[in-house]
Amino acid sequence: LEYFLARVIVSTISRGEVPKFVARNIFGTSFLETLASVLEASTETERVAFHTGAERLLAEARALDRSAKNVAAFLLATLHLANTEEPIVIKGIEVDEARLMGNAMPAILDSCVVSQLDARDADLTGVEFDGTSVFTMIVNDDTLVRDASISPHRLVIVSGGDETVESDKAVINKWLLQHS
């Protein structure tokens with residue numbers, strides 16, 4: 001089911017449209033990973049159309065529904081597939097769940113709020129978190145960050161099947177600096 005929903009989302013967002021189910025639902029990590037897989041299997045032309053459509057929709061976003069939150073989550077989940085020299089800018093959006101994978105292309109999250117950012121196995125060195133608040137960030141030994149400015153309130157470190165939850169700012173900053 002996730003595969004078919006992802007195909008519909010890629011198609012409609014590429015046309016600059018938001019399906020009603022995107023405006024009304026919350027999409028979790030599993031779906032965001034499926035969406036990225038679907039887009040990865042698409043042609044370069046389809047990927048460019050998707051990213052262009054998503055950026056356009058964010059610029060026109062209304063705060064009346066979940067469209068902007070979900071489109072921002074879709075953009076973040078597919079940053080590693082973006083083919084752009086200019087950073088993708090996501091400004092003033094609240095995102096419930098975000099999943100970043102692979103080598104994320106340049107992006108700026110400006111004045112955003114992210115409830116949960118799953119960055120396991122992700123290289124975020126090209127992603128700037130400017131005035132953005134991240135409540136929970138999930139990482140592993142392969143996660144790379146630009147610097148400690150991301151400063152999540154809580155860090156969940158996944159290692160060998162175990163999870164360690166850190167809320168001590170000094171411990172979080174030390175981990176982030178070691179992975180920058």
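Residues numbered from 1 in each chain as written. Predicted model: local features only at pLDDT ≥ 70, side-chain atom pairs only at ≥ 80, totals over all residues. Heavy atoms only, no water.

Here we take up the nonpolar core. What tends to happen in soluble globular proteins is that the nonpolar side chains get buried as a cluster. Ranked by size, the top nonpolar core spans 55 residues in total, and within it I9, F74, I90, L117, L124 and M137 carry the most contacts. Counting residues per element, this core draws most heavily on helix α5 (residues 67-77), which supplies 8 residues. Contacts of M137, omitting those with residues within four sequence positions, involve L117, A119, L124, V145, I150, P152, R154, L155 and V156. (Core = buried A, V, L, I, M, F, W, Y, C linked by side-chain atoms within 4.5 Å. Buried < 20%, exposed > 50% of the residue type's maximum accessible area, 1.4 Å probe, protein only. Helix = DSSP H or I, 4+ residues; strand = E, 2+ residues; numbered from the N terminus. Contact = heavy atoms within 4.5 Å.)

Attention now goes to the packing of aromatic side chains. Under the defined criterion, the tally for this structure stands at 5 aromatic pairs. Centroid distance F21 to F27: 6.5 Å. Interplanar angle 65°. Geometry classified as edge-to-face. According to the relative accessible area criterion, F21 is partly exposed, its value standing at 25%. The structure contains a cluster of three or more aromatic residues connected by ring pairs, namely F21, F27, F31 and F74. (Phe/Tyr/Trp six-rings, centres within 6.5 Å; stacked < 30°, edge-to-face > 60°.)

Now for helix α1 (residues 2-14). Along its 13 residues, α1 runs 18 Å from first to last C-alpha, staying within 8% of the 18 Å computed at 1.5 Å per residue. Listing the buried residues of α1 in full gives A6, I9, V10, T12 and I13. Tucked inside the fold, the buried residues of α1 contact α2 (20-24), α3 (29-40), α4 (44-59) and α5. Just downstream of α1, G16 is the residue with a positive phi angle, here 80°. (Expected span 1.5 Å × (residues − 1).)

The contact between α3 and α5 brings their axes to 9 Å, and the two run at 60°. Viewed along their axes, α3 and α5 adopt a mutual orientation that is oblique. Crossing hand, α3 versus α5: right-handed. In this structure, α3 uses F31, L32, L35 and A36 to contact α5, whose residues at the interface are A73, F74 and A77. Looking at the contact of α3 with α5 residue by residue, the class counts come to 7 nonpolar, no polar and no charged. (Axes fitted to C-alpha atoms, helices over the stretch in contact; angles between N-to-C directions. Parallel < 35°, antiparallel > 145°, perpendicular 65-115°, else oblique. Left-handed = near helix turned anticlockwise from the far one by under 90°. Nonpolar A, V, L, I, M, F, W, Y, C, P; charged D, E, K, R; others polar.)

Positionally, L35 belongs in helix α3. On a C-alpha basis, the gap between L35 and T78 in space is 7.8 Å, while along the polypeptide they are 43 residues apart. Apart from the residues within four sequence positions on either side, L35 is in contact with A6, I9, V10, F50, F74 and T78.

To continue, consider the pairing of strand β1 (residues 88-91). Along a regular strand, successive side chains alternate from one face of the sheet to the other. The alternating pattern of β1 places I88 and I90 on a buried face, while none of V89 and K91, on the opposite face, is buried. With 4 bridges joining them, β1 and strand β3 (residues 107-110) adopt parallel strand pairing. Residue pairing for β3: I88 is matched across the bridge by A107. (Pairing = 2+ DSSP bridges.)

Attention now goes to the sheet that holds strand β10 (residues 162-166). Reading across the sheet, the 5 strands line up as β2-β4-β7-β9-β10 and stay open at both edges, with mixed pairing between neighbours. Each edge of the open sheet carries a strand with a single partner, namely β2 (94-99) and β10. Pairs of neighbouring strands in the sheet enclose a mean axial angle of 10°, with direction left out of account. With 5 bridges joining them, strand β9 (residues 154-159) and β10 adopt antiparallel strand pairing.

As a further point, take the pattern of salt bridges. Enumeration over the complete set of coordinates arrives at 8 salt bridges. Residue R47 is joined to E44 by a salt bridge in which the shortest nitrogen-to-oxygen separation is 3.3 Å. On the criterion of helical spacing, the pair formed by R47 and E44 is a turn pair, its members being 3 residues apart in helix α4. Taking the relative accessible area as the measure of exposure, R47 reaches 17% and is therefore buried. Look at E44 and you get partly exposed, because its relative accessible area is 33%. (Salt bridge = Lys/Arg side-chain N within 4 Å of Asp/Glu carboxyl O.)

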